[in-house]
Amino acid sequence: MTETNLSGIDRIELMQTFIRIVEAGSLSGAAARLGTSQPTISRRLQTLERLLGLKLLQRTTHIMKLTDDGERCYSHAKELVASWNAMEDDLRAATDEPRGLLRVLVPHAFGQDQLIKPLKDYLYRYPKMSVEWTLNDRRPDFIAEGIDCAIQVGAVTDPSVVAILLAEVPRIVVAAPELLNNKPLPTHPEQLLDFHWIALNSFYRNEVVLSHKTNGEIQRFSIEPQLSTDSLYALRNAALAGLGAGIASTWVISDDLAQGRLVHLAPDWHGLPLPIYLVYPHASFYPARLRAFLDIMRQAMPSLAGTQLPSKKSRSTPR
């Protein structure tokens, strides 16, 4: 490629590609994330190395490693692309609507049920947007996976992220009616000690914590669950099958309660509500597509069936 041809190269695109290569750990991984082919990624890398006159990566059959120059280039590339995106976003903000791709990680149960309505609202309001909606209950590695934001149910302990508290999920103790064996409905946590238990191990494994709905009194007791699961739907179905009592989010079992398939044990006592956060990595700027998604979620979340306003709000807001 001649010097004249090199002068017409989109250097920002080359830098973005290089960042994706490093974050994905391979050319094929970068190609998948950028929606292009591996040969295209390889050509862009070779073009960038020719432009800089440097070797950026050492590659063998099994290993890809940054050179010292590659390390410095990666650091500069991130700053350059972030600065470019900030400028582009600022200049477009007054007249342009969100556009492009937003990658979101959402809880498996919540993400295929309650969150579909605000997602629909987002896509209807911003038709130039598309969303990659990944269902998984794990905590993401935002940079390595190329994820823009995540909806997280439960406490956020990672200091490297921004966490916006959106709502809370109420939870109650439920069981199939036959588990009572024609005995009166338990009214106090102490009466639940002898029940078989199902644990939702994302949030409780060997201890149950209940709060009185009016005076806030806390009761704790240990359990030895016969079944542990990481799926809210599996817990519901196991409870319906009569395998034991479990603490379930109210939205997933509201119809079962109304139809009498499940009963609310100790109805004056509730499980501690679970906070719902929108989580994303700290950055020097936040694109319009993320800010718009946050606005939609912040407005919609407390009004969804089975959620409630949070007891406190995060002061962190995207800039």
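Residues numbered from 1 in each chain as written. Predicted model: local features only at pLDDT ≥ 70, side-chain atom pairs only at ≥ 80, totals over all residues. Heavy atoms only, no water.

As recorded in an unreviewed UniProt entry, the protein goes by the name LysR family transcriptional regulator, listed as coming from Yersinia alsatica. The UniProt entry for the protein carries the following text under Sequence similarities (unreviewed entry): "Belongs to the LysR transcriptional regulatory family." (UniProt positions renumbered as here; feature names shortened; annotations may be inferred.)

A. Fine view of the overall build of the protein. From N to C terminus, the protein includes 11 helices and 13 strands. Structurally, the protein occupies a C-alpha span of about 85 × 50 × 30 Å along its principal axes. Of the contacts formed within the protein by residues at least 6 apart in sequence, a portion of 74% connects residues at least 24 apart. Taking the average place of the 34 positive charges on the side chains of the protein and the average place of its 34 negative ones, the gap between the two points comes to 4 Å. (Helix = DSSP H or I, 4+ residues; strand = E, 2+ residues; numbered from the N terminus. Contact = heavy atoms within 4.5 Å. Lys, Arg positive; Asp, Glu negative; His and termini not counted. Charge placed at Lys NZ, Arg CZ, Asp CG, Glu CD.)

B. A look at unusual backbone geometry. A positive phi angle, near 55 degrees, is found at Asn181, a position not held by glycine. Within the element layout of this structure, Asn181 appears in the loop between strand 6 (161-175) and strand 7 (198-200). Positioned with a positive phi, Asn182 is a non-glycine residue whose angle comes to about 65 degrees. If you trace the backbone, Asn182 turns up in the loop between strand 6 and strand 7. Looking at Asn182, the relative accessible area reads 83%, which means it is exposed. (Buried < 20%, exposed > 50% of the residue type's maximum accessible area, 1.4 Å probe, protein only.)

C. Structural context of the packing of helix 7 (residues 116-125) against helix 11 (residues 288-300). Orientation of helix 7 relative to helix 11, taken along the N-to-C sense of each, is 135 degrees, at an axis distance of 10 Å. For the element pair helix 7 / helix 11, the angle class is oblique. By crossing handedness, the relation of helix 7 to helix 11 is classed as right-handed. Only Arg289, Ala292, Phe293, Ile296, Met297, Gln299 and Ala300 of helix 11 make contact with helix 7, whose side of the interface consists of Pro118, Leu119, Asp121, Tyr122 and Arg125. Class assignment for the residues of the contact of helix 7 with helix 11 results in 8 nonpolar, 1 polar and 3 charged. (Axes fitted to C-alpha atoms, helices over the stretch in contact; angles between N-to-C directions. Parallel < 35°, antiparallel > 145°, perpendicular 65-115°, else oblique. Left-handed = near helix turned anticlockwise from the far one by under 90°. Nonpolar A, V, L, I, M, F, W, Y, C, P; charged D, E, K, R; others polar.)

D. Seen up close, the nonpolar core. Judged by nonpolar contacts, the single largest core of 64 residues is most densely connected at Trp197 and Phe293. No other element matches the 9 residues that strand 6 contributes to this core. For Trp197, the contacting residues outside a window of four places in its chain are Val173, Leu192, Val208, Phe221, Ile223, Pro225, Gln226, Leu227, Gly244, Ala245, Gly246 and Ile247. If you look at the next biggest cluster of nonpolar residues, it comprises 18 residues, including Ile19, Ile21, Ala30 and Leu45. (Core = buried A, V, L, I, M, F, W, Y, C linked by side-chain atoms within 4.5 Å.)

E. Here's a closer look at the packing of aromatic side chains. Tallied over the full model, the rule gives 6 aromatic pairs. Following the ring pairs from residue to residue traces out a cluster consisting of Phe110, Tyr233 and Trp251. (Phe/Tyr/Trp six-rings, centres within 6.5 Å; stacked < 30°, edge-to-face > 60°.)

F. Fine view of the pattern of salt bridges. For the structure shown, the criterion picks out 10 salt bridges. Asp256 is paired through a salt bridge with Arg261; the nearest N and O atoms lie 2.9 Å apart. The exposure class assigned to Arg261 is partly exposed, which follows from its relative accessible area of 38%. Within the structure, one salt-bridge network assembled from shared partners comprises Arg236, Asp256 and Arg261. (Salt bridge = Lys/Arg side-chain N within 4 Å of Asp/Glu carboxyl O.)

G. Spotlight on the side chain of Glu49. Turning to its location among the elements, Glu49 is positioned in helix 4 (residues 38-52). Here Glu49 is buried and forms no salt bridge, its nearest opposite-charge partner Lys55 lying at an N-O distance of 4.1 Å. The residues touching Glu49, leaving out its near neighbours within four places in the chain, are Leu54, Lys55, Leu56 and Leu57.

H. Seen up close, the environment of Lys213. Relative to the helices and strands, Lys213 resides in the loop between strand 8 (207-212) and strand 9 (218-222). Taking the C-alpha atoms as reference points, Lys213 and His270, 57 residues apart in sequence, are found 6.5 Å from one another.

I. Highlighting helix 11. Spanning 13 residues, helix 11 covers 18 Å between terminal C-alpha atoms, matching the ideal 18 Å at 1.5 Å per step. Ala288, Leu290, Ala292, Phe293, Leu294, Ile296, Met297 and Ala300 are the residues of helix 11 that are buried. (Expected span 1.5 Å × (residues − 1).)

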